[in-house]
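Residues per chain, in single letters:
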Amino acid sequence: QVQLVESGGGLVQAGGSLRLSCATSGRTFSWAGMGWFRQAPGKEREFVAAINSGGGSTSYTDSVKGRFTISSDNTRNTAYLQMNDLKPEDTAVYYCATTRQMIATAAQQYSYWGQGTQVTVSS
């Protein structure tokens, strides 16, 4: 049994901030990396950010560089996505996922996914 529980989504005005959390649990669960993806209605799922389990390496899609920050808390088995200067284009359902890769940017590299949390940015 593996679970990823996301929280922190909501409605925010352009220029505002949100912090998403992804708490993981499982009887024998371990992961080498975690990532955030997003999907808007009618669009493909898009990579947003990834971090290795030690927190020493990160990767971001170009559209969020300088605005979003991914981090992790190994003690709590939790990943975070700090989202600043939000834009309407950031509106999507955001998903967290775990992978056995250190850093992975492709959805097929991830094995377990959260349920998604809605982020809506109004102009």
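Criteria and cut-off values
- Residues numbered from 1 in each chain as written.
- Predicted model: local features only at pLDDT ≥ 70, side-chain atom pairs only at ≥ 80, totals over all residues.
- Heavy atoms only, no water.
- Helix = DSSP H or I, 4+ residues; strand = E, 2+ residues; numbered from the N terminus.
- Rg over C-alpha atoms; globule rule 2.2 N^0.38 Å.
- Buried < 20%, exposed > 50% of the residue type's maximum accessible area, 1.4 Å probe, protein only.
- Contact = heavy atoms within 4.5 Å.
- Core = buried A, V, L, I, M, F, W, Y, C linked by side-chain atoms within 4.5 Å.
- Pairing = 2+ DSSP bridges.
- Axes fitted to C-alpha atoms, helices over the stretch in contact; angles between N-to-C directions.
- Salt bridge = Lys/Arg side-chain N within 4 Å of Asp/Glu carboxyl O.
- Phe/Tyr/Trp six-rings, centres within 6.5 Å; stacked < 30°, edge-to-face > 60°.
- Lys NZ or Arg CZ within 6 Å of the ring centre and 35° of its normal.

Visitor: Explanation requested: the overall build of the protein in the structure shown.
Guide: Helices and strands together make up the secondary structure of the protein, namely 0 helices and 11 strands. N-terminal to C-terminal, the α/β element order of the protein is β-β-β-β-β-β-β-β-β-β-β. Against the compact-globule benchmark of 14 Å for 123 residues, the protein has a radius of gyration of 13 Å, which places it among compact chains. The C-alpha extent of the protein, read off along each of the three principal axes, is 45 × 25 × 25 Å. Split into buried and exposed, the 123 residues of the protein put 43% on the buried side. Taking the intrachain contacts of the protein between residues at least 6 apart in sequence as the baseline, contacts between residues at least 24 apart amount to 56%.

Visitor: What should I look at first to understand the nonpolar core in this one?
Guide: Side chains that are nonpolar tend, in soluble globular proteins, to be buried together. If you look at the biggest cluster of nonpolar residues, it comprises 25 residues, and the most contacted ones within it are W36, V48, F68, L81, M83 and Y94. Looking at this core, the elements with two or more residues in it are strand 3 (18-26), strand 4 (33-39), strand 5 (46-52), strand 7 (68-73), strand 8 (78-83), strand 9 (92-99) and strand 11 (117-122). Counting residues in hydrophobic clusters, the runner-up holds 6 residues, among them F37, F47, A104 and Y110.

Visitor: How do you make sense of the sheet that holds strand 7 when you look at a structure like this?
Guide: Working definition: the strands of a sheet are paired by backbone hydrogen bonds and lie parallel or antiparallel to each other. Pairing in this open sheet of 4 strands is antiparallel, and the strands run 1-3-8-7 from one edge to the other. In this open sheet, the two strands that pair with only one neighbour each are strand 1 (2-7) and strand 7. Sheet twist, expressed as the average angle between the axes of neighbouring strands with direction ignored, equals 15°.

Visitor: Is there a simple way to think about the pattern of salt bridges in this case?
Guide: Pairing is possible between side chains that carry opposite charge, provided their charged atoms lie close to one another. Overall, the coordinates contain 6 salt bridges when judged by the stated rule. The salt bridge involving R38 is made with E46; its shortest N-O contact spans 2.9 Å. Judged by its relative accessible area of 6%, R38 is buried. Three or more residues joined by partner-sharing salt bridges are found here, namely R38, E46, R67 and D90.

Visitor: Would you mind showing me how to read the packing of aromatic side chains here?
Guide: Any two aromatic rings considered together are summarised by their centre-to-centre distance and by the angle between their planes. Tallied over the entire structure, the rule returns 4 aromatic pairs. With a centroid separation of 5.1 Å and 80° between ring planes, the pair formed by F37 and Y110 is classed as edge-to-face. Taken as a pair, F37 in strand 4 and Y110 in strand 10 (residues 110-113) lie far apart in primary sequence, 73 residues in all. An aromatic cluster is built from F37, F47, Y110 and W113, whose rings are joined through pairwise contacts. If you follow R45 out to its NZ or CZ, it ends over the ring of Y95, 3.8 Å from the centre.

The values are spatial; any link to function lies outside them.
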